[in-house]
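A structural walkthrough
Given next are the chains, with one letter for each unit.
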Amino acid sequence: MRLPVFALLFAALAATTSVAAETSSAEATKSLNDLFASEWERGLKNDPLGATYLGDQRFNTRLPDLSPEAIEADNQATRDALKRLKTIKREALNPRDQINYDVFAWQLEQSIAGQPFHPERTPINQRGGIQTFDEVLELLRFDTRQDYLDWLARLRGFGDYMDQTVALMQAGIDAGQTPPRVVMQRVTAQIESQLVKTPEESRFWKPFANFPDAVPADQRKQLTDDARQVIADVVLPAYQRFGMFFSEKYLPACREEVAVSSLPNGEALYAQRAAYYTTTSLTPDEIHQIGLKEVARIRAEMEAVRVEVGFEGDLAAFFTYLRSDPKFFYPTPDALLTAYRDVSKRMDPELVKVFNVSTMPRLPYGVRAIPEASAPDTTTAYYQGGALDGTRPGYYYVNLYKPETRPKWEMMALSLHEAVPGHHYQFAYALELPEQPMFRKVAYVVAYGEGWALYAERLGYEMGLYEDPYDRFGQLTYDMWRAVRLVVDTGIHAKGWSRQKAIDYFMANAAKTENDVVNEVDRYIVWPGQALGYKIGQLKISELRERASKALGEDFNLKDFHDVVLGTGSVPLSVLETQVDAWIAKQKR
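Residues numbered from 1 in each chain as written. Predicted model: local features only at pLDDT ≥ 70, side-chain atom pairs only at ≥ 80, totals over all residues. Heavy atoms only, no water.

What follows covers the side chain of Q110. Note that Q110 resides in helix 4 (residues 95-114). Once residues lying within four places of it in the same chain are set aside, the contact partners of Q110 are Q272 and Y276. (Helix = DSSP H or I, 4+ residues; strand = E, 2+ residues; numbered from the N terminus. Contact = heavy atoms within 4.5 Å.)

Shown next as structure tokens:
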């Protein structure tokens with residue numbers, strides 16, 4: 001059929017427009033991916049310890065440059081990256097890359113928003129810092145001679161790294177930006193543990209105590225001689241200098257107040273941190289109220305379990321019973337570690353009840369003890385991600401310090417959170433996301449990541465892992481723990497609560513032992529806002545699950561819902577909501 005002239009012109013114009021649109025889309029996609037790649041590489045170079053964490057060994061000889069010039073250059077590069085991102089036409093990108101664009105913009109904007117508060121001026125706290133630097137050994141492989149040479153090269157730069165850290169802490173003193181003294185007193189013992197007399201007593205000597213077969217015997221003497229020299233001449237003197245500075249200058253200068261609002265511009269800092277960690281516009285007061293509501297709800301469920309097990313006292317007495325009866329505790333650290341590993345073996349085969357086998361991640365995980373030097377001052381457990389290339393598995397670290405304070409009834413909920421289907425499952429899943437830039441594979445948005453892990457604790461019911469009422473009470477205790485965080489964190493930093501008031505409120509509403517409670521409260525004091533992300537994220541994921549279930553009715557598939565949540569990757573909660581809503585609409589069609 002012969003087309004009219006105007007139709008031929010329209011067809012030609014449409015073809016030209018289509019080619020132009022495809023060209024624009026291709027250019028935008030290339031510009032975006034080039035930006036992602038260059039910024040990823042910049043991040044690895046500027047944070048060689050972070051590269052080591054990810055399993056990238058190219059920078060294993062280096063330490064971060066903490067000089068003011070390097071920090072400002074990095075800050076400026078972040079600002080420049082955002083400007084570069086804004087030149088890319090978002091509308092020309094495909095839907096997946098639009099999400100990547102939005103997440104990257106959010107990350108850059110949040111980093112820039114934090115720059116005026118100079119977080120680099122508080123480089124240590126009781127949870128870690130240069131005083132526990134040897135824990136980087138947990139991330140390293142010592143399989144070849146080159147691995148040892150890399151470690152020695154890193155140690156040779158340790159003195160400068162220490163001096164730069166001290167300079168940042170002095171800048172914090174000068175600016176009136178120091179942590180609370182009541183918490184920083186804990187660091188003294190951590191530093192003292194590094195002040196040994198001989199290199200062989202140092203924890204930095206550990207790799208040289210036992211060599212693998214791959215390192216020839218005739219090369220071992222030179223390596224040990226070099227290690228002995230660098231630890232004696234660089235590492236130990238650096239810790240001596242640090243110990244004197246900390247005890248004579250830094251600790252006396254630490255502030256008496258515990259609230260971050262007591263710092264210069266502290267109220268603005270807390271508001272910014274709350275927004276960052278929750279990825280919402282909720283105010284501290286709104287978050288506080290959500291916490292109070294959740295505490296009341298969970299207390300009612302706790303009362304029901306108390307009645308079920310036949311305990312005749314009130315809830316406070318039940319808490320005391322759970323914290324103190326010897327039957328709820330393992331007698332030794334070794335017995336406790338074995339029990340954690342047994343719990344993990346119970347969980348693994350039950351994952352098929354709530355996840356599609358076809359999308360299960362392949363990276364394995366192990367269970368390890370938290371290093372003894374930091375165990376007294378840190379939390380019950382944490383997760384360390386595996387290497388990007390799969391050469392190091394993920395690890396679920398458990399605290400074996402004072403096993404008489406680590407109750408059996410908390411172990412299932414804790415393991416579901418930190419291992420599977422919580423953090424390990426989530427991080428391993430993200431590493432295997434197809435066609436995603438590296439920054440998305442390793443992204444850690446607190447409200448999403450911790451929200452998922454807290455949500456995962458409740459999946460123990462569908463996995464058949466909460467058959468014992470005390471295990472169920474453990475799940476409620478952990479849910480309460482995160483609800484209490486909303487109240488306590490905002491109470492300390494926005495409502496003038498004292499440290500003791502926070503501890504008392506925690507003890508009155510959760511059965512966690514006092515040792516854990518004190519460590520937790522001290523964590524909130526030095527890490528304002530971070531604890532808010534858990535419950536806020538969990539509530540949003542649970543809300544989205546309920547929304548999908550109601551909208552889809554009998555067609556709702558929990559395994560597919562989990563694929564959507566995990567397949568979206570670590571994103572702000574608003575982005576996750578948009579993705580779930582789109583999935584619901586697609587399922588309905």
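The omega torsion across V420 and P421 is 5°, close enough to zero to call that bond cis. Here P421 shows up in the loop between helix 15 (411-418) and helix 16 (423-431). If you check the backbone angles, T279 has positive phi at about 55° while not being a glycine. Summarising the element assignment, T279 is placed in the loop between helix 11 (266-278) and helix 12 (284-308). A positive phi is found at E435, a non-glycine position, where the angle reads about 55°.

A word on helix 10 (residues 217-253). Its 37 residues place the ends of helix 10 50 Å apart at the C-alpha level, agreeing with the 54 Å of an ideal helix rising 1.5 Å per residue. Approximately 45° is the largest bend angle found in helix 10, and it occurs at F246. (Expected span 1.5 Å × (residues − 1). Bend = angle between axes of the 7 residues up to and from the residue.)

Turning our eyes to something else, we now look at the environment of F117. Structurally, F117 is set in the loop between helix 4 and helix 5 (145-156). Residue classification places F117 among the buried residues on the basis of a relative accessible area of 16%. A sequence separation of 304 residues divides F117 from P421, and the C-alpha atoms of the two residues are 36 Å apart. When residues no more than four places from it in sequence are discounted, the contact partners of F117 are Q177, N265, A268, L269 and Q272. (Buried < 20%, exposed > 50% of the residue type's maximum accessible area, 1.4 Å probe, protein only.)

Let's shift gears to helix 5. Here helix 5 is 12 residues long and its end C-alpha atoms lie 17 Å apart, about the 16 Å a rise of 1.5 Å per residue gives. Among the residues of helix 5, those classed as buried are D147, Y148, D150, W151, L152, R154 and L155. As for helix 5, its buried residues are in contact with helix 2 (48-54), helix 6 (158-174), helix 9 (206-209) and helix 10.

So, about the layout of surface pockets. Each pocket or cavity is described by its volume, and for the second largest pocket that value is around 510 Å³. Around the second largest pocket, the lining is made up of 20 residues, and of these D134, L137, E138, K206 and R368 lie nearest the centre. Listed by contribution, the elements that provide at least two residues to the lining of the second largest pocket are helix 9 and strand 1 (365-369). When the residues that make up the lining of the second largest pocket are grouped by side-chain class, the tally is nine nonpolar, two polar and nine charged. (1 Å grid on protein atoms, 1.4 Å probe; cavity = no way out; pocket = protein on both sides within 12 Å on 5 of 7 lines; lining within 4 Å. Points joined across faces, edges and corners; volume = space filled by probe spheres on them. Nonpolar A, V, L, I, M, F, W, Y, C, P; charged D, E, K, R; others polar.)

Attention now moves to the packing of helix 12 against helix 20 (residues 499-509). Two numbers describe how helix 12 lies on helix 20: the axes approach to 11 Å, and their chain directions differ by 35°. Facing helix 12, whose interface residues are L292, V295, R299 and M302, helix 20 presents Y505, A508 and N509. Taken together, the residues of the contact of helix 12 with helix 20 break down into five nonpolar, one polar and one charged. (Axes fitted to C-alpha atoms, helices over the stretch in contact; angles between N-to-C directions.)

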